[in-house]
Amino acid sequence: MTVLDIPELALVALVGVSGSGKSTFARRHFAPSQVLSSDTFRGLVADDENDQSASADAFDALHHVAAIRLRRGLLTVVDATNLQPHARAGLIRVAREHDVLPVAIVLDVPEAVAWERTEARADRTFGRQVLNRMRRDLRQSFGRLAREGFRKVHVLRGVEEIDAAEIRYEKMF
Ligand code: GTP
Ligand code: MG
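Model, not experiment: these values are computed from the prediction. (Residues numbered from 1 in each chain as written. Chains lettered and ligands numbered in written order. Predicted model: local features only at pLDDT ≥ 70, side-chain atom pairs only at ≥ 80, totals over all residues. Heavy atoms only, no water.)

### Focus on the pattern of salt bridges
- As enumerated under the stated definition, the model contains 14 salt bridges in all.
- Here Arg-42 ties to Asp-39 by a salt bridge, and the two come within 3.2 Å at their closest N and O atoms. Note that Arg-42 and Asp-39 are positioned in helix 2 (residues 38-46) at a spacing of three residues, about one turn of the helix. As far as the burial class goes, Arg-42 and Asp-39 line up, both buried.
- Here Asp-108 and Arg-157 are joined by a salt bridge, their closest N and O atoms 2.9 Å apart. With Asp-108 in strand 5 (residues 101-108) and Arg-157 in strand 6 (residues 152-157), the pair connects residues that are 49 residues apart, well separated along the chain.
- Salt bridges sharing partners connect three or more residues here, namely Asp-39, Arg-42, Arg-121, Asp-123 and Arg-124. (Salt bridge = Lys/Arg side-chain N within 4 Å of Asp/Glu carboxyl O. Helix = DSSP H or I, 4+ residues; strand = E, 2+ residues; numbered from the N terminus. Buried < 20%, exposed > 50% of the residue type's maximum accessible area, 1.4 Å probe, protein only.)

### Thoughts on the site of ligand 1
- With respect to spatial proximity, the complete set of residues near ligand 1 consists of Val-17, Ser-18, Gly-19, Ser-20, Gly-21, Lys-22, Ser-23, Thr-24, Arg-117, Arg-121, Arg-124 and Asp-163.
- One nitrogen or oxygen atom from the main chain of Gly-21 is found 3.0 Å from an oxygen atom belonging to ligand 1.
- Within the side chain of Thr-24, one N or O atom sits 2.5 Å away from an oxygen atom of ligand 1.
- When isolated, ligand 1 has an accessible area of 640 Å², and the protein chains bury 69% of it.
- No other element matches helix 1 (residues 22-29), which puts three residues into the shell around ligand 1. (Near = heavy atom within 4 Å. Polar contact = N/O pair within 3.5 Å; in protein donor to acceptor, adjacent residues only side chain to side chain. Areas by Shrake-Rupley, 256 points an atom, 1.4 Å probe, with all protein chains shown as cover.)

### Quick word on the nonpolar core
- Counting residues in hydrophobic clusters, the biggest one holds 48 residues, and the most contacted among them are Ile-6, Val-12, Phe-25, Ile-105 and Leu-156.
- For this core, the element with the most residues is strand 2 (residues 10-15), which contributes six residues.
- Those residues in contact with Phe-25 that sit more than four places away from it in its chain are Leu-4, Leu-14, Phe-30, Ile-105, Leu-107, Leu-156, Ile-162, Ala-165 and Ile-167. (Core = buried A, V, L, I, M, F, W, Y, C linked by side-chain atoms within 4.5 Å. Contact = heavy atoms within 4.5 Å.)

### Some remarks on the sheet that holds strand 6
- The five strands lie next to each other as 3-4-2-5-6, forming an open sheet whose pairing is parallel. Where the open sheet ends on each side, the last strands, each with one partner, are strand 3 (35-37) and strand 6. Going from strand to strand, the sheet's axes swing by 20 degrees on average, the running direction of each strand aside.
- Here helix 4 (residues 85-97) sits on the sheet in contact with strand 2, strand 4 (76-79) and strand 5, set at roughly 170 degrees to strand 2.
- Across the sheet, helix 6 (residues 128-142) is in contact with strand 2, strand 5 and strand 6; its angle to strand 5 comes to roughly 130 degrees. (Pairing = 2+ DSSP bridges. Axes fitted to C-alpha atoms, helices over the stretch in contact; angles between N-to-C directions.)

What follows is the structure, given as structure tokens:
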């Protein structure tokens, strides 16, 4: 079992390519109300969870809700790929504005696994090149997360380690 220590009040960014299992992980470890998913917010602002042209508005709304939750002292999980520095910077900013620790949980599965899962989904229609680019962004992310301001960076490598992970909440003083 891999124990992931997380402050009781944190902004948790899941980081991983499409098909790495972020939404599955979020469902398993957190309450639905704790999880802000980019897909859900695209649906809310565009009636279409896959409308990528709605991403800017969707993240605007997501950041706004995250900020309100943090102000109210509620642990918040962001279920988005979070593969690009500018996407993560927005989350770091919201966390800092509310004196909340930003934490990253990286799900790193082999590209073949992510591709197989993605191909099996009717709601994901992008090509292998897109996944390839996400993998490249992920590789570049590893060395950057702590420097960007994430106070804890948990990296889960492979399907088994992801399966065996448990969250442990640290009391704050
Ligand atoms: P995006 O939302 O596209 O970024 O993907 P995601 O990272 O949220 O992946 P998601 O959790 O939706 O998982 C993708 C597919 O893989 C789903 O059909 C899941 O059922 C499957 N899946 C996720 N995690 C596991 C796992 O641990 N084991 C198995 N067998 N399947 C998994
Ligand atoms: Mg998902």
